[in-house]
There are 6 protein chains.
Amino acid sequence: MDKMDNKRNDGRSNDQLRALSITRNFTKYAEGSVLIKTGATQVICNVSIENSVPYFLRGQNKGWLTAEYSLLPRSTHNRTVREAARGKISGRTKEIQRLIGRSLRSIIDLDKMGERTIWIDCDVIQADGGTRTASITGAYVALVDAVNYLIDKGELEESPLNSYLAATSVGIVDGELLLDLCYEEDSQAQVDMNVVMTGEGKIIEIQGTAEQNPFTRSEMTVLMDLAEKGIKELVLAQRESLEE
Amino acid sequence: MDKMDNKRNDGRSNDQLRALSITRNFTKYAEGSVLIKTGATQVICNVSIENSVPYFLRGQNKGWLTAEYSLLPRSTHNRTVREAARGKISGRTKEIQRLIGRSLRSIIDLDKMGERTIWIDCDVIQADGGTRTASITGAYVALVDAVNYLIDKGELEESPLNSYLAATSVGIVDGELLLDLCYEEDSQAQVDMNVVMTGEGKIIEIQGTAEQNPFTRSEMTVLMDLAEKGIKELVLAQRESLEE
Amino acid sequence: MDKMDNKRNDGRSNDQLRALSITRNFTKYAEGSVLIKTGATQVICNVSIENSVPYFLRGQNKGWLTAEYSLLPRSTHNRTVREAARGKISGRTKEIQRLIGRSLRSIIDLDKMGERTIWIDCDVIQADGGTRTASITGAYVALVDAVNYLIDKGELEESPLNSYLAATSVGIVDGELLLDLCYEEDSQAQVDMNVVMTGEGKIIEIQGTAEQNPFTRSEMTVLMDLAEKGIKELVLAQRESLEE
Amino acid sequence: MDKMDNKRNDGRSNDQLRALSITRNFTKYAEGSVLIKTGATQVICNVSIENSVPYFLRGQNKGWLTAEYSLLPRSTHNRTVREAARGKISGRTKEIQRLIGRSLRSIIDLDKMGERTIWIDCDVIQADGGTRTASITGAYVALVDAVNYLIDKGELEESPLNSYLAATSVGIVDGELLLDLCYEEDSQAQVDMNVVMTGEGKIIEIQGTAEQNPFTRSEMTVLMDLAEKGIKELVLAQRESLEE
Amino acid sequence: MDKMDNKRNDGRSNDQLRALSITRNFTKYAEGSVLIKTGATQVICNVSIENSVPYFLRGQNKGWLTAEYSLLPRSTHNRTVREAARGKISGRTKEIQRLIGRSLRSIIDLDKMGERTIWIDCDVIQADGGTRTASITGAYVALVDAVNYLIDKGELEESPLNSYLAATSVGIVDGELLLDLCYEEDSQAQVDMNVVMTGEGKIIEIQGTAEQNPFTRSEMTVLMDLAEKGIKELVLAQRESLEE
Amino acid sequence: MDKMDNKRNDGRSNDQLRALSITRNFTKYAEGSVLIKTGATQVICNVSIENSVPYFLRGQNKGWLTAEYSLLPRSTHNRTVREAARGKISGRTKEIQRLIGRSLRSIIDLDKMGERTIWIDCDVIQADGGTRTASITGAYVALVDAVNYLIDKGELEESPLNSYLAATSVGIVDGELLLDLCYEEDSQAQVDMNVVMTGEGKIIEIQGTAEQNPFTRSEMTVLMDLAEKGIKELVLAQRESLEE
């Protein structure tokens, strides 16, 4: 991307999402299993239901939800060392796991789940930017499937989910305010912001970072407008996928 | 805090910071050493200069800055297990360390530091909410002292620092939009947001989370106003401390 | 599988492989990338080329090849804990990693690779028995693609590969001697044997285990006949895939 | 070993075991304690009985058997780093521990052990090849002593052991097919195979590896003949030792 | 310290302690909290009471006391790597932790504590020699405060403490026998000895080391005289601090 | 040991060592290898010479000496968990390792060793009290053999050893002051003291601990007399062993 001209390197306009695809029932053992693709980014989002909760929650008749995230070693341009081989999980991975878990917990009523743990596993097959937001958007669909599985089996009476949930990134690259950054854009961004919103357009999480060029409050307003537009389109795609 | 009435439990108005104190030269070996107190929160911020850089930066004639953060075991209401005893650093600690390091890197020109590593150590003596933002605000002052120490010794010709930097938290508690949450407020907050800004009021970092109650974009605007007001006051206090 | 009758639970005859599919170029960054499916077992086999060797091999003008293996948490019937989360790699995983690496090293002339490391990453998406042998069979194809990539770029003059290589399992279940066990069969097997052979039918590795019912040398001869038959068919499929 | 001539470097014929010695009651606290020497290889095999089982087996009224293996740092020609100092157990050690445990479990009826754990500790004092097979052969004798100790104390009515059990290595070195490889032979072997058999000559485990020269099925038959001959002699020596 | 002359580098006589200060109630959450300064050495000693005991002590109606010790990274002349970052606790730290715990357990009757765990946390803010002995002397005072807190709340009827307890170092530097070594003296000492005594002058612990110059039994007698003198003065200071 | 009467439980007088045996050349690869037995305590002491030094000593033309210590799992009455399996070394082990290393470094002139590392490995085969002092006494003999090996090979011109070195324990049990405690005595001791001395009777290390009953300075004098008597006898036995 030597020069931005009027166009982004893949021809998108500044407020345009990448091509999106959501495949349900991607693997066969998980209670919910989704392969989400946004541009070249691909993430397997599996949801597992375990009939127990961590020690500190036992006997309270409520559920728990937790998320794990991992890059396959060659999901990236250069091979990334496996965290199991290092023997520890990086700070970046922990931050992403906490973000995914917190976001999904915000739209589920765990008091209605009984003593069950919901495991969200997001494994990135191919990473071209936006893996954490794709994970949230895909995991939401897999979570709906897992909850419906429990309802169909008669284990739950009603859905504990309160709302749709999706996420995207926005940022400032070369002075342009952009929606849904790919890796090449992200690696040059002056400002990088991840936004998680409900189906109603309310904010669940916002995380914005300016490594060298602080941004103004009016730039922030435009970035939030872009995020809101993108998330509305993602929620529409989730809805269509779930209706199939 | 059974009831908010018109007042916060320590009598502050909604847009009021806690009492602030900044003690420079708190310990004697570090190149910069600050004890910062904001209300009952107390953090020792030590800055160390090491005359080498990590392996991946050698030979590029530029510096590095990294931050570590830790709670003393009994800085908290109940004793927190020591991370050295667990043998690993929690996700929360890693997130905070990354936030502090990223924030301070955003206002320093590492190309002007030569091949030196700047270690920021934030050790919390007493934790009553806002330890990460107090760490950033205090570490900035210690960093100025460490940079001046190098200039005084003739090792640097000019300061690599571009701007003042301070941080605070804002949030929504019981429907009230508040500046600078103490622990009791933080633990009940529907929305919790940390903001890092330069002395000019530009945004470096914003991290907002709604665990159960998503918030509107207009609430977000008010929270940002509160943060901006608080950070201006913090920067003023930093300036006064550095002029002593 | 309450009863074996004359048929296996998926209708196969005793000497029949499961349905096989080999997809090349499955992901886009790896120098070789294969998705192999044998029945319900699915493994992504990525091959990465790194232009350096481990410390102990430097300056000898030869290459190195090493393999890593992992189960996605919900590749299994019940969720398997992530090894990165445990902080250590299980004995089972280490055995499999060593087997895959040793097998592939046996058919490559590392003296012809220059100072390069070949990383073999086998990540199991869905596990229904035979994941380690599917990993070897799939990784071989990805390795051919990675080697050809280097030849096409002019970095290697000739292929360092000496032979085809494939692997399968055989075993004794309920008294029947079977080829290519699925998970249900494997979990009830009295004898379980993994065999790795070259395209010429020579033996690279044989690992046979009888947890409770030791087996005779004549049973071993029949098991080897079954393995040889299966591996010939696998090599044929590799050849066809590579000719596409 | 510059040249093989007609003889092996220690003057043995190709189908000859090394000198064997089995010392029972080698240390005084273990329920079974054997020092086994095969040539210069020396292993202390201690068997301990613990009156409980791992969590996942409680309440099932059956026992458990597990094995651990370790090299003393200077059991080897050059000093080997202690795994406790590294903080993790190598893949090689894990493979050997699993092999020893699996082999001994194959000839014991754990349903007759009550809720007890049998710990097999194999600590190599001097390593000159064949340490894993010597561990199995020696541990079997120590296990018989530990079982008899329980019977003598009236804690078991009958022995849960079904059979004798011994192990040896075979291999191809410089084109010669050899029994019971010492370290010098093993380090040059084209093929290396470990075989575990019962007293009746049935196969419990077979693990054969060809790092560079794949072997034919007829070579494999000869290797198995050699192994069978050696194991018969080892079982005879175990029997004599136990009758003392 | 190029030359000792008749004086120590800070002007003290050979049998003189450094300036001592004991601040009680240093932080507000711990049941006992002391900041002790001996010369430039500063340690925060916090005592926490937990209403349970480790698993192996449950149901015995007795208490437990354990100690942890840590250096803040820049408590030292050069920055010390954080043990939490290394992922393990050094041998030196473990030795000190064990010494502090053992010393304090020697003057408390744990049978009178009920099923409670007493955590002693000694965190060194500034290290100029003698941190382990300052930790013991300071922790004793914090322990008295924590015990009195329990008595005041009616949770204990009488104090389980049997005696005063304090510690200091002695050593031989440049042929001189000295009391209470600072870092500069300690780093040049031929002999370094730590002594822990009760208020009655009885010995609890003695640890003496001569890295290169072994010492005579008569030198040892003089060192013990010095230690006894210093500890009497420390106990007097503890008593005065507790009477405030 | 319900009652002490006039005799110790093994019939020794209070100032009598246990039966001692020192076997040189116990294993064949180590440069020095000793099996030491004191009563039922048995330790293998191997000394290895490595032709390099740790990174921080390179280029200074001096050597390094370090010690490791380990209990075989069933050296103890009940099985001790292997530290490699725990993944970390206990505080007790680290203390002992540091003591052994420090003691042996005190009688060797490392400036005369060239850039070599001396590894002392003390592996306890059977533990009946006094394993750390037996390790020091045995390792000294193995160290002499390793040094002589280097002199014989012409790699060293003269011995870097300055003195003999041995160690023993003394203590107070049931009011009696005893030399060389066995495990049963040690586990009941009110005072336990380890003493390391040179062949000339000078003190290298003294470590005394009173868990519940502090001791007087006059008791300490008697304990030192006992230790001095025992160490003289141990040095005599070392001398005789080395003259064989």
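Remember, predicted model here, so these are calculated numbers, not experimental data.

Analysis parameters
Residues numbered from 1 in each chain as written. Chains lettered and ligands numbered in written order. Predicted model: local features only at pLDDT ≥ 70, side-chain atom pairs only at ≥ 80, totals over all residues. Heavy atoms only, no water. Contact = heavy atoms within 4.5 Å. Buried area = accessible area lost by both parts, 1.4 Å probe. Salt bridge = Lys/Arg side-chain N within 4 Å of Asp/Glu carboxyl O. Buried < 20%, exposed > 50% of the residue type's maximum accessible area, 1.4 Å probe, protein only. Helix = DSSP H or I, 4+ residues; strand = E, 2+ residues; numbered from the N terminus. Pairing = 2+ DSSP bridges. Least-squares fit on C-alpha atoms with pLDDT ≥ 70 in both. Axes fitted to C-alpha atoms, helices over the stretch in contact; angles between N-to-C directions. Polar contact = N/O pair within 3.5 Å; in protein donor to acceptor, adjacent residues only side chain to side chain. UniProt positions renumbered as here; feature names shortened; annotations may be inferred. Phe/Tyr/Trp six-rings, centres within 6.5 Å; stacked < 30°, edge-to-face > 60°. Lys NZ or Arg CZ within 6 Å of the ring centre and 35° of its normal. Parallel < 35°, antiparallel > 145°, perpendicular 65-115°, else oblique. Left-handed = near helix turned anticlockwise from the far one by under 90°. Nonpolar A, V, L, I, M, F, W, Y, C, P; charged D, E, K, R; others polar.

### Here's the deal with the interface of chain A and chain B
At the junction of the two partners, chain A supplies 33 residues and chain B supplies 33 residues. Each partner contributes to the roughly 3,100 Å² buried at the junction of chain A and chain B, and carbon and sulfur atoms together form 48% of this total. The interface formed by chain A and chain B includes six salt bridges. For B:R217, the salt bridge is made with A:E228, and the minimal N-O distance between the two is 2.9 Å.

### Structural notes on the pairing of strand 3 (residues 41-50) of chain F
All names here are of chain F. Judged by how many residues are buried, strand 3 sits mostly within the fold: nine of 10 residues are covered. Bridge count for strand 2 (residues 32-38) against strand 3 is seven bridges, and the pairing is antiparallel. Paired with V34 across the two strands is C45, which belongs to strand 3. Taking the residues that link successive antiparallel strands as the turn, the strand 2-strand 3 hairpin has two residues, and the phi of G39 there is positive, at about 60 degrees.

### A closer look at the relation of the copies chain A and chain B
For the pair chain A and chain B, the best superposition has an RMSD of 0.0 Å and corresponds to a rotation of 180 degrees with a translation of 0.0 Å parallel to the axis. Expressed as an axis order, the relation between the two copies is that of a two-fold axis. Nearest to the rotation axis, the C-alpha of A:Q207 is located 2.2 Å from it, this being the minimum over chain A. Looking at chain A, 100% of its interface residues are interface residues in chain B too, so the copies touch through the same face.

### Looking at the pattern of salt bridges
Here the idea is simple: oppositely charged side chains can pair when their charged atoms come close. All names here are of chain F. In the structure shown here, the tally under the stated rule is 138 salt bridges over all chains. Between R12 and D10 there is a salt bridge whose closest N-O contact spans 2.9 Å. We classify R12 as buried; its relative accessible area is 5%. For D145, the salt bridge is made with R24, and the minimal N-O distance between the two is 2.9 Å. Of this pair, D145 sits in helix 3 (residues 131-152) while R24 is found in strand 1 (residues 20-24), placing the two residues 121 residues apart along the sequence. For D145, a relative accessible area of 10% translates into the label buried. For R24, a relative accessible area of 23% corresponds to the partly exposed category.

### Some details on the sheet that holds strand 2 (residues 32-38) of chain D
All names here are of chain D. Here five strands make up an open sheet; going across it, the order is 1-2-3-5-4 and the pairing mixed. The two strands at the open ends of the sheet, each matched to only one other strand, are strand 1 (20-24) and strand 4 (64-71). Across the sheet, the mean angle from the axis of one strand to that of its neighbour is 15 degrees, orientation sign disregarded. As paired strands, strand 3 (residues 41-50) and strand 5 (residues 117-126) are joined by nine bridges and run antiparallel to one another.

### Overview of the arrangement of the chains
There is no contact between chain C and chain E; across them, the least C-alpha separation is 12 Å. Chain A makes no contact with chain F; the smallest distance between any of their C-alpha atoms is 12 Å.

### Quick look at the side chain of B:Q126
Among the structural elements, B:Q126 can be located in strand 5 (residues 117-126). From its side chain, B:Q126 meets the backbone oxygen of B:A40 in a polar contact 3.0 Å long. When sequence neighbours within four positions are dropped, the list of residues in contact with B:Q126 reads B:A40, B:T41, B:Q42, B:S75, E:T27, E:K28 and E:Y29.

### Considerations on the UniProt feature "domain: Exoribonuclease phosphorolytic" (unreviewed entry) in chain A
Residues and elements named next belong to chain A. Mapped onto this structure's residue numbering, the UniProt feature "domain: Exoribonuclease phosphorolytic" (unreviewed entry) falls at residues 16-146 and 165-230. The distance from the first to the last C-alpha atom of residues 16-146 is 31 Å, and the span holds 27% helix and 31% strand. In the segment residues 165-230, helix accounts for 30% and strand for 44%; the C-alpha atoms at its two ends are 12 Å apart.

### Things to note about unusual backbone geometry
Within the chain, C:N25 stands out as a residue other than glycine whose phi angle is a positive 55 degrees. Inspection of the secondary structure puts C:N25 in the loop between strand 1 (20-24) and strand 2 (32-38). Look at C:N25 and you get exposed, because its relative accessible area is 60%. Backbone geometry places D:D174, a non-glycine residue, at a positive phi of 55 degrees.

### A short note on the UniProt feature "binding site: phosphate" (unreviewed entry) in chain A
Within this numbering scheme, the UniProt entry marks A:R92, A:G130, A:T131 and A:R132 as carrying the feature "binding site: phosphate" (unreviewed entry). A compact arrangement is adopted by the annotated residues: their sequence extent is 41 residues, whereas the largest C-alpha distance between any two is 13.4 Å. Positionally, A:R92 belongs in helix 2 (residues 91-105). By relative accessible area, which is 28% here, A:R92 ends up partly exposed. Once residues within four sequence positions are removed from consideration, A:R92 is found in contact with A:Y69, A:L71, A:T131, A:R132 and B:R98.

### Things to note about the environment of E:I204
Residue and element names in this part refer to chain E. Considering the arrangement of structural elements, one finds I204 in strand 9 (residues 203-210). Under the relative-accessibility criterion, I204 is labelled buried at 0%. Between the C-alpha atom of I204 and that of M193, which follows or precedes it by 11 residues, the distance is 13 Å.

### Section: the environment of C:A189
Structurally, the position occupied by C:A189 is in the loop between helix 4 (183-188) and strand 8 (191-198). Separated by 23 residues in the primary sequence, C:A189 and C:Q212 place their C-alpha atoms 9.7 Å from one another.

### A few points about the pairing of strand 6 (residues 165-173) of chain B
Residue and element names in this part refer to chain B. Where burial is concerned, most of strand 6 is hidden: nine out of the nine residues are buried. On strand 6, burial covers both faces: L165, A167, S169, G171 and V173 on one face and A166, T168, V170 and I172 on the other are all buried. Where strand 6 lies against strand 8 (residues 191-198), eight bridges are found, and the strand directions are antiparallel. Bridge pairing links A167 to V196 in strand 8. Where strand 6 and strand 7 (residues 176-179) come together, four bridges link them in antiparallel fashion. By the bridge assignment, I172 is partnered in strand 7 with L177. Between strand 6 and strand 7, which follow one another and run antiparallel, lie two residues, and D174 among them has a positive phi close to 55 degrees.

### Some words on the packing of aromatic side chains
Residues and elements named next belong to chain E. Evaluation of the coordinates by the stated rule reveals 12 aromatic pairs over all chains. Consider the rings of Y140 and Y164, whose centres lie 5.4 Å apart with planes at 40 degrees: the pair is tilted. Remark: Y164 occurs in the loop between helix 3 (131-152) and strand 6 (165-173) and Y140 occurs in helix 3; sequence separation between them is 24 residues. Residue classification places Y140 among the buried residues on the basis of a relative accessible area of 4%. Just above the ring of Y164 sits the side chain of R239; from NZ or CZ to the centre is 4.5 Å.

### A few points about the packing of helix 3 (residues 131-152) of chain D against helix 5 (residues 217-243) of chain D
Residues and elements named next belong to chain D. Put simply, helix 3 and helix 5 touch, their axes get as near as 11 Å, and they point 30 degrees apart. With respect to helix 5, the element helix 3 is oriented roughly parallel. You can see that helix 3 and helix 5 cross each other, and the crossing is right-handed. Here T137, Y140, V141, V144 and D145 of helix 3 lie close against helix 5, whose contacting residues are L234, Q238, S241 and L242. For the contact of helix 3 with helix 5, the class distribution of residues is five nonpolar, three polar and one charged.

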